[in-house]
Amino acid sequence: MQIICNKCGAVIPDPEWKTIRNGDIEYTYFSCPSCGDAYHVGTTDSRLREDIVKYTKMASRLRTGNCSEQFHRRVQKLKEENVKRSRELAAAHPLAPLLLKE
């Protein structure tokens, strides 16, 4: 994956993902090695992390090709709930103040 920094234009060929924990909240981000600008990737709590593991296992099962339509719908619903929860957490718990502490 190649990423171009919005701030300085540097090419980031393979970003190094980092995490910061603040209680139950975990932030995933990477920084531009040239200018240090940070890019938020995701925010999770323990419930969301458990649901992500559950989704990953269910999605892996889908690859076998031997799943019911009802199972497909459950997997899709869980994915949508995970995305929604991640957005809610990101909005409620901004990463920027924590980066200033580093």
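Nothing here was measured: the structure is a model prediction, and the numbers come from that model. (Residues numbered from 1 in each chain as written. Predicted model: local features only at pLDDT ≥ 70, side-chain atom pairs only at ≥ 80, totals over all residues. Heavy atoms only, no water.)

## Thoughts on the pairing of strand S5 (residues 38–44)
Working step 1: Sheet analysis places strand S4 (residues 25–31) next to S5, joined by 6 bridges and oriented antiparallel. When the bridges of S5 are listed, Glu26 appears paired with Thr44.
Working step 2: Between S4 and S5, which pair antiparallel in sequence order, lie 6 residues; one of them, Gly36, sits at a positive phi of approximately 85 degrees. (Pairing = 2+ DSSP bridges. Helix = DSSP H or I, 4+ residues; strand = E, 2+ residues; numbered from the N terminus.)

## Considerations on helix H1 (residues 46–62)
Working step 1: Between its first and last C-alpha atoms H1 spans 25 Å; for 17 residues at 1.5 Å apiece the expected length is 24 Å, and the two agree.
Working step 2: The complete set of buried residues in H1 reads Leu48, Met58 and Ala59. All buried residues of H1 project into a common sector of 100 degrees when viewed along the axis, lining one side. More than 90 degrees from the buried face of H1, the exposed residues found are Glu50 and Lys57.
Working step 3: Taken together, the buried residues of H1 touch S5 and helix H2 (69–92). (Expected span 1.5 Å × (residues − 1). Buried < 20%, exposed > 50% of the residue type's maximum accessible area, 1.4 Å probe, protein only. Arc of directions from axis to C-beta. Contact = heavy atoms within 4.5 Å.)

## Considering the pairing of strand S3 (residues 18–22)
Working step 1: Relative to S4, S3 runs antiparallel, the two being bridged by 5 bridges. Pairing of Lys18 across the sheet is with Tyr29, part of S4.
Working step 2: Following S3, the chain reverses through 2 residues before pairing antiparallel with S4; Gly23 in that reversal takes a positive phi of roughly 65 degrees.

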